[in-house]
Amino acid sequence: VQLQASGGGLVQAGGSLRLSCTASGRTLSSYTVGWFRQAPGKDQEFVAAVRRSGGGTYYADSVKGRFTISRDNAKNTVYLQMISLKPEDTAVYYCAADSGIILSSLRTGASYDYWGQGTLVTVSS
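Residues numbered from 1 in each chain as written. Predicted model: local features only at pLDDT ≥ 70, side-chain atom pairs only at ≥ 80, totals over all residues. Heavy atoms only, no water.

**With respect to the sheet that holds strand 3 (residues 17–24)**
- Across the sheet, 4 strands lie side by side as 1-3-8-7; this open sheet has antiparallel pairing. Edge strands, defined here as strands with exactly one partner in the open sheet, are strand 1 (2–6) and strand 7 (67–72). Averaged over all pairs of adjacent strands, the angle between strand axes in this sheet comes to 15°, irrespective of strand direction.
- Relative to strand 3, strand 1 runs antiparallel, the two sharing 5 bridges. If you follow Ala 5 over to strand 3, its bridge partner there is Cys 21. (Pairing = 2+ DSSP bridges. Helix = DSSP H or I, 4+ residues; strand = E, 2+ residues; numbered from the N terminus. Axes fitted to C-alpha atoms, helices over the stretch in contact; angles between N-to-C directions.)

Below is the structure:
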């Protein structure tokens, strides 16, 4: 499956953005999809994930209550709605997908086989 991440940009603190992860080649509903981010000089960090076909959603504590991950199966797309953005949310955001992730592994980037190219989110103070 090929993934295309989009929707990043520059936003002021307190603002909102919606990231999209659109798939081609396969039906994305058959995959667990995760969002990860990497800030300059920092390690990759799990942000959120949605399990395949009716599975649950999972969030990092740092974004819980502010970010929402969702699917639009008709558009073969997973969204990450981000509100109340903070400067510390600044990072390159990547979407990733895998068809065989178990629950205990979905917060680990190495568990995902397919990755999008990343989209930059910059939150100014």
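Next comes the rest of the write-up.
**Some details on the nonpolar core**
- Counting residues in each nonpolar core, the largest one holds 38 residues, and the members touching the most others are Trp 35, Leu 80, Met 82 and Tyr 93.
- Secondary structure elements with two or more residues in this core: strand 1, strand 3, strand 4 (32–38), strand 5 (45–50), strand 7, strand 8 (77–82), strand 9 (91–98) and strand 11 (119–124).
- Once residues within four sequence positions are removed from consideration, Met 82 is found in contact with Gly 15, Ser 16, Leu 17, Leu 19, Arg 66, Phe 67, Tyr 93 and Val 121. (Core = buried A, V, L, I, M, F, W, Y, C linked by side-chain atoms within 4.5 Å. Buried < 20%, exposed > 50% of the residue type's maximum accessible area, 1.4 Å probe, protein only. Contact = heavy atoms within 4.5 Å.)

**A short note on the pattern of salt bridges**
- Tallying each qualifying case throughout the model produces 4 salt bridges.
- Here Arg 37 ties to Glu 45 by a salt bridge, and the two come within 2.8 Å at their closest N and O atoms.
- Its relative accessible area of 5% is what places Arg 37 among the buried residues.
- The class of Glu 45 is partly exposed, set by a relative accessible area of 31%. (Salt bridge = Lys/Arg side-chain N within 4 Å of Asp/Glu carboxyl O.)

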